[in-house]
Amino acid sequence: MSGADETLRSWTATQTVSAVASGETKALEVAYAALQSIETLNPKVNAFTDILSERALLEARAVDDALADGRTLPLAGVPYAVKNLYDVEGLTTRAGAKINRENPPASADATLVRKLKEAGAVLVGATHMGEYAYDFTGESAHDGICRNPHDLGRMTGGSSSGSGASLAAGMVPLAMGSDTNGSIRVPASFCGLFGLKPTYGRLSRAGTYPFVGSLDHLGPLTRSAEDLALIFDVLQGPDPADPAQASHPQIETHAHLDQGIDQLRIAVAGGYFRDKALPEALNATDLVAKALGANLEIDIPEAARARAAAYVITAAEGSSLHLQRIRERPQDFDPETRDRFLAGTMVPAVWLQQAQRFRSWFRDLFRKIFEKVDILLAPATPFPALASGTKTFTINGETMPARPNIGLFTQPISYIGLPAVTVPIWLQGARLPIGVQVIAPAWREDLALRVAHHLEVTGVARAPVADLAG
């Protein structure tokens, strides 16, 4: 790549908007650079399953024309990628599955893709993901291994694997993911990114392939906390096409990032969230807590049960969606995904009822906690990225299968739909990043984003582009 392409590769979304809107560069030039980066780097990391060069160049030209006509576009010229469970007009929505490739192309863009286009962002491609979003590793039987740009022998995390890898490699400054049990926050942790899982019901899911209706969230991953806020503000808004979207007022977050954290009461989640973590996760959380002046630790009773209940709901709802396909075409599933779905079909109905009832209790518990504090801190993953192919890990003498259990700390938060921002931490001397969750009360994404921004501007959290020159 040329020196100019390398410079563009390091830009955040905010820097891209500034350069394009000011006339320093053109959206078309940025799009060409992004496509060149993908052509050069994607063979190394396997982040993209579909590259949309023609669409990207058409959208970039339209942005340049709109700016020339005096229009203002909040995401002018920002190249971005979407997890391939988002509908993209003219492209088959794979959802990481072999079976879905036989479906006709989508007839329209997903709601959030449309919003990004209207704001001036430029779609360059769709990304690798775990089959039907049921994965935490980034290893696909159909599309191969998606590799961590910071160490090509390590996992990206999943199921938004390609979205994480495309960002960390510097191919795009924005990628859209989904998060049912941690599929934005896990890749953010493993790949060293900022990731936002909004409040359940905040953003429209219309035009995306479902996994678990009562747990599915959509959201962005970026290399900057400011970018998260900029993009989140664009993505908000009512959409009657998603019946699960809540009629909650929109909030402006980007304009309030600099309000700081002085008035915020911040605590660390203890108990389960410390007992299941390896030293890197504990040290990263403690580093963040110290930087924020958070001296209070709050035990979260029954967090392990909440995680188990989320698992029951996931297994039962997810398997019901795919039962007919499993009966008719079991050989066309990733064997690990198929077996987990088969297990889900055998979950007793009474377990599902109990899991849903316990959800109300656990949600009320957090409401009471958030009467005392404004923010909770917790590890995003129990450890940094595992080596590719790792099947099990051991914590405190307990050995667990990797694929379903990397989300130990993200599932209890998804279970009750709370907003959380993952911030990337590089411990001194570390070769790999690890993420810390900044968890806020429902509908208060603004608080989590303010904390993430503070950690970024003070240098505690950072998301550098990986060095893939070798």
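Placed above this text is the structure.
These figures come from a predicted structure and were not determined experimentally.

Colleague: Account for the overall build of the protein chain, naming residues and giving values.
Modeller: Of regular secondary structure, the protein chain possesses 16 helices and 17 strands. Rg of the C-alpha trace for the protein chain: 20 Å, near the compact-globule value of 23 Å for 470 residues, within the 12% margin. Referenced to the eigenvectors of the C-alpha coordinate spread, the extents of the protein chain come out at roughly 60 × 60 × 45 Å. By the burial criterion, 62% of the 470 residues in the protein chain qualify as buried. As displayed, the protein chain offers around 17000 Å² of accessible surface, 51% of which is attributable to carbon and sulfur atoms.

Colleague: Quick one: what's the story with the pairing of strand β11 (residues 266–270), residue by residue and with numbers?
Modeller: Counting buried positions over the five residues of β11 gives five, a clear majority of the element. Here three bridges tie β11 to strand β13 (residues 375–379), and the two strands are oriented parallel to one another. If you follow A267 over to β13, its bridge partner there is L376. Bridge analysis of β11 against strand β12 (residues 296–299) gives four bridges, and the strand direction is parallel. Paired with V268 across the bridge in β12 is E297.

Colleague: Give me the sheet that holds strand β1 (residues 48–51): which residues, what numbers.
Modeller: Spatially, the 11 strands line up as an open sheet ordered β1-β3-β2-β8-β10-β9-β16-β17-β13-β11-β12, and their pairing is mixed. A single partner strand is all that each edge strand has here, and the edge strands are β1 and β12. Averaged over all pairs of adjacent strands, the angle between their axes in this sheet comes to 30°, without regard to strand direction. With six bridges connecting them, strand β8 (residues 174–179) and strand β10 (residues 217–222) associate as antiparallel partners. The residue of β10 that forms the bridge with S178 is L218. Those strands touched by helix α8 (residues 225–235) are β8, β9 (194–197), β10 and β16 (420–425), and its axis lies near 145° from that of β10.

Colleague: An account of the side chain of D64 is requested, with residue identities and associated values reported.
Modeller: Mapped onto the elements, D64 comes out in helix α4 (residues 53–68). Among buried Asp, Glu, Lys and Arg side chains, D64 stands out as unpaired, with K26 the closest opposite charge at 5.3 Å. Excluding anything up to four places from it in sequence, D64 contacts K26, A27 and L28.

Colleague: Describe the environment of V172, listing the residues and the values that go with them.
Modeller: With respect to the helices and strands, V172 occurs in the loop between α6 (161–168) and β8. The class of V172 is buried, set by a relative accessible area of 1%. Residues V172 and R9, spaced 163 residues apart in sequence, show a C-alpha to C-alpha distance of 7.2 Å. Leaving out residues up to four positions away in the same chain, V172 has contacts with F48, P79, Y80, A81, V124, S166, L167 and R223.

Colleague: Please give an account of the pattern of salt bridges that cites residues and values.
Modeller: Note that side chains of opposite charge can pair when their charged atoms are close. Taken as a whole and judged by the stated rule, the model has 26 salt bridges. K98 is the partner of D332 in a salt bridge, and the nearest nitrogen-oxygen pair spans 3.3 Å. Of the two residues, D332 sits in the loop between α11 (303–328) and α12 (335–344) while K98 sits in the loop between β2 (79–83) and α5 (111–118), which places them 234 residues apart along the sequence. Overall, K98 belongs to the partly exposed group, its relative accessible area being 42%. When the shortest N-O distance is used, the salt bridge between D143 and R101 registers 2.8 Å. Linking D143 in the loop between β4 (139–140) and β5 (144–145) with R101 in the loop between β2 and α5, this pair joins segments that are 42 residues apart in sequence. Assessed through its relative accessible area of 16%, D143 is described here as buried. Each of D135, D334, E336, K391 and R403 takes part in a single network of salt bridges with overlapping partners.

Colleague: I'd love a proper account of the packing of helix α2 (residues 13–22) against α8, names of residues and values included.
Modeller: Relative to each other, α2 and α8 sit at 70°, their axes nearing to 8 Å. Judged on the interaxial angle alone, α8 and α2 are roughly perpendicular. On α8, the residues that touch A13, T14 and V17 of α2 are E226, D227, L230 and I231.

Colleague: Can you lay out unusual backbone geometry for me, pointing to particular residues and giving the numbers?
Modeller: In the segment running from G158 into S159, the intervening peptide bond is cis, with an omega of 5°. Inspection of the secondary structure puts S159 in the loop between β7 (151–155) and α6. Phi is positive for Y132, which is not a glycine, with a value near 50°. The residue Y132 is located in the loop between β3 (122–127) and β4 in this model. One non-glycine residue, A133, lies in the positive phi region at around 70°.

Colleague: Can you break down the state of the cysteines residue by residue, with the values?
Modeller: Under the counting rule described, the total for this entry stands at zero disulfides. Here C146 stays free of any disulfide, with the sulfur of C191 as its closest cysteine sulfur at 7.2 Å.

Reading guide: rules and limits
- Residues numbered from 1 in each chain as written.
- Predicted model: local features only at pLDDT ≥ 70, side-chain atom pairs only at ≥ 80, totals over all residues.
- Heavy atoms only, no water.
- Helix = DSSP H or I, 4+ residues; strand = E, 2+ residues; numbered from the N terminus.
- Rg over C-alpha atoms; globule rule 2.2 N^0.38 Å.
- Buried < 20%, exposed > 50% of the residue type's maximum accessible area, 1.4 Å probe, protein only.
- Areas by Shrake-Rupley, 256 points an atom, 1.4 Å probe, with all protein chains shown as cover.
- Pairing = 2+ DSSP bridges.
- Axes fitted to C-alpha atoms, helices over the stretch in contact; angles between N-to-C directions.
- Contact = heavy atoms within 4.5 Å.
- Lys, Arg positive; Asp, Glu negative; His and termini not counted.
- Salt bridge = Lys/Arg side-chain N within 4 Å of Asp/Glu carboxyl O.
- Parallel < 35°, antiparallel > 145°, perpendicular 65-115°, else oblique.
- Disulfide = S-S within 2.5 Å.

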